[in-house]
Amino acid sequence: MFKSYFVAVFLLLFMLCARAYDLNNPALSPVKHAAAPPRHAPLGFVEAGRLNFAILRDSSGEAHLPRGQASSKSIDAAVKALQLSFSKCFAQTPEIIEAADQAAREKFAYWLVVGDCALAREQGIQWRDIPEQGFVIKSFERGLFIVGHDTTLLEDRASLSRGSLYGAYDFSERVLGVRYFYPGDIGTYWPALSELEIRPLSYSDSPRFMNREGAYHLWLGLSKDEDLAKYGAWVQGLKKGDRSFGDALRFGAKYPGSSHSPRPEDMALAFPEQLETIFYTSAEGKFFYNPKQHLGNLFNVVDLKFADLLIEVWKAKINGDKMIGALPAEKFQLGARPNWISFGNCDTYQQEADIVNDPVVKSLNLITDLDRARPPRALMANVYARFYEYVCRRLAQELPQAQLCILAYYNAEYAPVDPRFKKMPGNIQVNLCNGTVPKYISVPEQRRAFQQEVRQWVESTGKPVHRLWLYDEYRNPYVRAVIGEFVHEVPKALGKDLGDGALFLDSGFQFPYYSSFYAAFRSMWNPDWDVQAGLDEHWALFYGEKAAPFLREFHQILKHELMDFYHSLAERKVAVPTYPAKAIQRLEDLLASAESSISPDSVEMRRFKVFSAPWAENIRVQKAAQSYKLPLYSAARLRPGETVNLDGLAD
């Protein structure tokens, strides 16, 4: 009997320590499996806690990159990420050897081969044939290949592609069971393992969007001393301004950025004698130049002399001039490359009253009744279309390789529909900034309006919209906690009308709302990722089986019940509405139940403290709003002939 009990306990421990991976785990992005998987016996990479493999790599491939560019490496970073995963999961760090060192590699039963090398090429894996930023993971009789499209192998590259690094993180997640949610010692889930058997496998993956830009917002969440002090009480190992966790979230970029370029303050410093050419003056004499800050400036897109000045500025930057006007070129914030130029209006909304009487606008009839009948942000469509047409013609002559990427924002948000301007030049790309997505993408009328807006740009430019600027709701914590989970709906709504450029979510990273940030970037990699499955899985991993049901329900109330209420509001200008009292009380009860289910001194409790940090105050504010009652006073009206007797009696 004792022997049977011992065997049962051993089997249980083995099951807990062995990694029975599922390549099609719905909590992870779906991958493409090879039609003919390899044939070989299972590979005992780790047996009884003993590593039977080494990591092989060809270090010469990235040797041309200086030490200062280590963050731009792929294979080197992939190897380090894999070493960390094995050291955390198996309490052992695998050895790294050169793939070409036959004597050294033969000391090991199996090999984990990372990046391009002769061994990979002998197996028919050519890194250049892999889609950009993609990777291949393939087993063979002696081990496993993780090979990506790595432009870091090239001394002269057009864009940064780090496929092997993304492959390393995918392997850690899909095979080892690691999950990366936020920076610091408790932000990653590392399963404790002692066995790893690799069955025959061959799959590949690559991102839907080439730009997945979150480094700035990740930095924001790690740049404030008060945040670091607050969350650092629970999360150890945080470094101020550290953006390295973006690798685990698969940040990436192929295309140059597109934003508010050039900066109005730089234009003013470079050309102080041409301020009236650069900045708009209304017919009534109102000059839209604000030397104190970015806001309050308006570029003079009515005057084509401003366009001529821009051409000279871009040429100076591309030609490598030391000075642009009176400003040193290195101080001039400007998006200009031989093949890519960014132009964006300033962060100032142009009112109709300040433009409608402009002599050029009136003489060319640039604002028509048709424009006024469209949404308010379409008012300047023809004004900007005329400006873009002129700029694109000049670029075609003087910088023929350049594409002009415009920031379709504020009054320039909508495409022109006027027959005179409807067909835009071929050297234009659109970065569309629509303030309703992803917040309202699940609201049918908002979704249809957004689809129509994008379709008008496609019809005008003859190409898909290049990239989308998506917006958070910073003032509403209930929305902010889940908004990233709606990102995947955006490309699904647009289909072929959206190109491969980027979904950029303007949402600062905050520790308590990590799941929203995580969901957003998972969805940018592959919009077909199952958001629900991905987050459902993590509650038990991160907080334990007992607390998981409470936190899962808490999250579902935020995402569904409260978002449905938020979407149903007739007046949507209210940032934080007063939510139903029953739902708010349920949130409070669920947090209390979850906390009581977690061991006080555990890593799960440290994670819970991070997760729950903002909710006590948010719930308190909601309860205060719910308890407020508008005072009602009774009043009497005097009839004709009646008087009031002021006798001091309150009757």
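Just so we're clear, the structure is a prediction, and the values are computed from it rather than from any experiment.

(A) Region of interest: the pattern of salt bridges. Considering all chains together, one arrives at 36 salt bridges under this definition. We note a salt bridge from Glu537 to Arg179, for which the minimum N-O separation is 2.9 Å. Within this pair, whereas Glu537 is found in helix 18 (residues 531-543), its partner Arg179 is found in strand 9 (residues 179-180), the two being separated by 358 residues in sequence. Glu537 sits in the partly exposed class, given a relative accessible area of 22%. Linking Arg372 and Asp369 is a salt bridge whose minimum nitrogen-to-oxygen distance equals 3.3 Å. With Arg372 and Asp369 both in helix 12 (residues 369-373) and three residues apart, this pair spans about one turn of that helix.

(B) View of the sheet that holds strand 3 (residues 50-51). If you walk across this open sheet you meet the three strands as 3-2-11, and the pairing is antiparallel. The sheet is open, and its two borders are formed by strand 3 and strand 11 (196-198), each paired with just one other strand. The pairing of strand 2 (residues 43-47) with strand 11 spans three bridges and is antiparallel. Within strand 11, the position partnered with Leu43 by the bridge is Ile198.

(C) Up close: the state of the cysteines. Taken as a whole, this structure holds zero disulfides when the rule is applied. A disulfide-free cysteine, Cys346 has its sulfur positioned 13 Å from the sulfur of Cys433, the nearest such atom. Exposure remark for Cys346: the relative accessible area of 2% places this residue in the buried category. We note that Cys405 lacks a disulfide partner, and the nearest cysteine sulfur, in Cys433, lies 9.5 Å from it.

(D) Inspection of helix 17 (residues 514-525) at higher detail. Between its first and last C-alpha atoms helix 17 spans 17 Å; for twelve residues at 1.5 Å apiece the expected length is 16 Å, and the two agree. Counting buried positions along helix 17 gives twelve out of twelve residues, so the element sits mostly inside the fold. All buried positions along helix 17 are accounted for by Tyr514, Ser515, Ser516, Phe517, Tyr518, Ala519, Ala520, Phe521, Arg522, Ser523, Met524 and Trp525.

(E) How the structure looks around the environment of Leu334. Within the secondary structure, Leu334 sits in the loop between strand 14 (327-328) and strand 15 (336-337). Overall, Leu334 belongs to the buried group, its relative accessible area being 14%. Sequence spacing of Leu334 and Lys463 is 129 residues, and the spatial spacing of their C-alpha atoms is 25 Å. Contacts of Leu334, omitting those with residues within four sequence positions, involve Ser261, Pro262, Val313, Trp314, Lys317 and Ile324.

(F) Up close: the pairing of strand 18 (residues 428-433). Burial runs high along strand 18: six of the six residues are buried. As judged from the three bridges shared by strand 18 and strand 19 (residues 465-471), these two strands associate in the parallel manner. Paired with Cys433 across the strands is Trp469, a residue of strand 19.

(G) Focus on the sheet that holds strand 16 (residues 340-344). Read across the sheet, six strands follow the order 15-16-17-18-19-20 without closing on themselves; strand pairing throughout is mixed. Here the strands that pair on one side only, and so sit at the sheet edges, are strand 15 and strand 20 (498-506). As paired elements, strand 16 and strand 17 (residues 403-408) share five bridges and run parallel to each other. Paired with Gly344 across the two strands is Leu407, which belongs to strand 17.

(H) Geometry of the pairing of strand 20. In terms of burial, strand 20 is a largely internal element, eight of the nine residues being buried. As paired elements, strand 19 and strand 20 share six bridges and run parallel to each other. Each bridged residue has a counterpart across the sheet, and for Val465 the counterpart in strand 20 is Leu498.

(I) Expanded view of unusual backbone geometry. A cis amide bond, omega -5 degrees, links Ser261 with the succeeding residue Pro262. Its place among the elements puts Pro262 in the loop between helix 7 (225-232) and helix 8 (264-270). The amide bond that connects Val437 to the next residue, Pro438, takes the cis arrangement and shows omega of 5 degrees. Considering the arrangement of structural elements, one finds Pro438 in the loop between strand 18 and helix 14 (444-461). Positive phi, normally seen in glycine, also occurs at Gln133, with a value near 65 degrees. As for its position among the elements, Gln133 is in the loop between helix 4 (118-122) and strand 7 (135-140). A positive phi angle, near 65 degrees, is found at Arg250, a position not held by glycine.

Rules used in this analysis
- Residues numbered from 1 in each chain as written.
- Predicted model: local features only at pLDDT ≥ 70, side-chain atom pairs only at ≥ 80, totals over all residues.
- Heavy atoms only, no water.
- Salt bridge = Lys/Arg side-chain N within 4 Å of Asp/Glu carboxyl O.
- Helix = DSSP H or I, 4+ residues; strand = E, 2+ residues; numbered from the N terminus.
- Buried < 20%, exposed > 50% of the residue type's maximum accessible area, 1.4 Å probe, protein only.
- Pairing = 2+ DSSP bridges.
- Disulfide = S-S within 2.5 Å.
- Expected span 1.5 Å × (residues − 1).
- Contact = heavy atoms within 4.5 Å.

Structural measurements only, silent on function.
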